Amino acid sequence: ALWVTGVDYEQVKYHLSTSLGEQDNDQTVASIYSRFVQPLSDRIEMTSGLRFAQSDNEVTDGFKFATPTKIKDNVWGGELGFRFGVSGNTTGFARLERVYRFGKFDEHTTFAVTTPLNPSTGYSYEAGIERNGDSSTLVLSIWQIDLNNEIAFDPSAGDNVNLPPTRRVGVTVN
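These figures come from a predicted structure and were not determined experimentally. (Residues numbered from 1 in each chain as written. Predicted model: local features only at pLDDT ≥ 70, side-chain atom pairs only at ≥ 80, totals over all residues. Heavy atoms only, no water.)

1. A word on the overall build of the protein chain
At step 1: If you tally the helices and strands in the protein chain, you get 0 helices and 10 strands.
At step 2: Compactness check: the protein chain gives a C-alpha radius of gyration of 20 Å against a globular reference of 16 Å for 174 residues, more than 25% above the reference.
At step 3: Projected onto its principal axes, the C-alpha coordinates of the protein chain cover approximately 65 × 35 × 30 Å.
At step 4: Put simply, the protein chain has 174 residues, and 32% of those count as buried.
At step 5: Residue pairs at least 24 apart in sequence account for 57% of intrachain contacts in the protein chain once pairs closer than 6 positions are excluded. (Helix = DSSP H or I, 4+ residues; strand = E, 2+ residues; numbered from the N terminus. Rg over C-alpha atoms; globule rule 2.2 N^0.38 Å. Buried < 20%, exposed > 50% of the residue type's maximum accessible area, 1.4 Å probe, protein only. Contact = heavy atoms within 4.5 Å.)

2. Let's talk about unusual backbone geometry
With the exception of glycine, the majority of residues adopt a negative phi angle, and the majority of peptide bonds are in the trans configuration.
At step 1: Positioned with a positive phi, Asn149 is a non-glycine residue whose angle comes to about 60 degrees.
At step 2: Relative to the helices and strands, Asn149 resides in the loop between strand E7 (137–148) and strand E8 (151–154).
At step 3: Judged by its relative accessible area of 28%, Asn149 falls in the partly exposed class.

3. Some words on the packing of aromatic side chains
At step 1: On inspection of all chains with the given rule, the structure shows 2 aromatic pairs.
At step 2: Centre to centre, the rings of Trp3 and Phe36 are 6.5 Å apart; their planes meet at 90 degrees, and the pair counts as edge-to-face. On the criterion of sequence distance, the pair formed by Trp3 in strand E1 (residues 2–18) and Phe36 in strand E2 (residues 21–39) is long-range, its members being 33 residues apart.
At step 3: Of the residues examined, Trp3 reaches a relative accessible area of 61% and is grouped as exposed.
At step 4: A relative accessible area of 29% places Phe36 in the partly exposed class.
At step 5: Lying over the aromatic face of Trp76, Arg98 brings its terminal NZ or CZ to 4.4 Å of the ring centre. (Phe/Tyr/Trp six-rings, centres within 6.5 Å; stacked < 30°, edge-to-face > 60°. Lys NZ or Arg CZ within 6 Å of the ring centre and 35° of its normal.)

4. Considering the side chain of Thr47
At step 1: Relative to the helices and strands, Thr47 is located in strand E3 (residues 44–60).
At step 2: Using a relative accessible area of 12% as the deciding quantity, one classes Thr47 as buried.
At step 3: With residues up to four places along the chain from it excluded, the contact list for Thr47 reads Arg35, Phe36, Val37, Glu79, Leu80 and Gly81.

5. Things to note about the side chain of Asp146
At step 1: Examined against the element boundaries, Asp146 turns out to sit in strand E7.
At step 2: Judged by relative accessible area, Asp146 falls into the buried class, the value being 18%.
At step 3: Engagement of the side chain of Asp146 in a polar contact is seen with the side chain of Gln144, the distance being 3.0 Å.
At step 4: In terms of polar contacts, Asp146 uses its side chain to reach the side chain of Arg167, at 2.6 Å.
At step 5: In contact with Asp146, other than residues within four places in its own chain, are Thr121, Gly122, Tyr123, Tyr125, Thr166 and Arg167. (Polar contact = N/O pair within 3.5 Å; in protein donor to acceptor, adjacent residues only side chain to side chain.)

6. Quick word on the pairing of E3
At step 1: Bridging between E2 and E3 involves 16 bridges; their strand directions are antiparallel. By the bridge assignment, Val37 is partnered in E3 with Thr47.
At step 2: Counting the residues in the hairpin turn of E2 and E3 gives 4 residues.
At step 3: Strand direction decides the pairing type here: E3 and strand E4 (residues 69–87), joined by 16 bridges, are antiparallel. Following the sheet pairing, Asn57 is matched in E4 by Ile71. (Pairing = 2+ DSSP bridges.)

7. Some details on the environment of Ala53
At step 1: Locating Ala53 in the fold gives a position in strand E3.
At step 2: Ala53 sits 22 residues away from Val75 along the chain, and the two C-alpha atoms are 5.4 Å apart.

8. So, the layout of surface pockets
At step 1: One number sums up the size of the largest pocket: a volume of about 250 Å³.
At step 2: Lining the largest pocket are 15 residues, with Glu10, Gln27, Val29, Phe102 and Gly103 positioned closest to its centre.
At step 3: Considered class by class, the residues forming the lining of the largest pocket number 7 nonpolar, 3 polar and 5 charged. (1 Å grid on protein atoms, 1.4 Å probe; cavity = no way out; pocket = protein on both sides within 12 Å on 5 of 7 lines; lining within 4 Å. Points joined across faces, edges and corners; volume = space filled by probe spheres on them. Nonpolar A, V, L, I, M, F, W, Y, C, P; charged D, E, K, R; others polar.)

Printed below as a string of structure tokens:
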């Protein structure tokens, strides 16, 4: 078995000066996580993990955040996955993951929308097969991700916005 626990900490100071004015964002993102990989048999392995994260921003841009504005968000993410032996050099896998993404420091400081961005959250599903050869590896997977509040640039608004629920479905071959 393998167990990894840790803390991530990131602090960013963003400043942009243009003819449109000044933009500042002091952003701190901190998280604590734990991940556990446990063989269930000689052919099956389970991975589980959990992460709690917090983002703190103090934003000023002279437009939508004319006075310093604090934006604080908390989210959680997690995973549950299985790998199983199919034959000597072929394994199958399946995974469910709770995903998130905070707005990056510069995504908060654009000019149009007056409400802060919410974190993007959602669920990712993936299943596939991996075959290892002597000098190469082939991975085929199908996946789906369902997001709430996906963060995207809206050219009609001229700003970063949270989208209504979105879904992406795909196939990956590596």
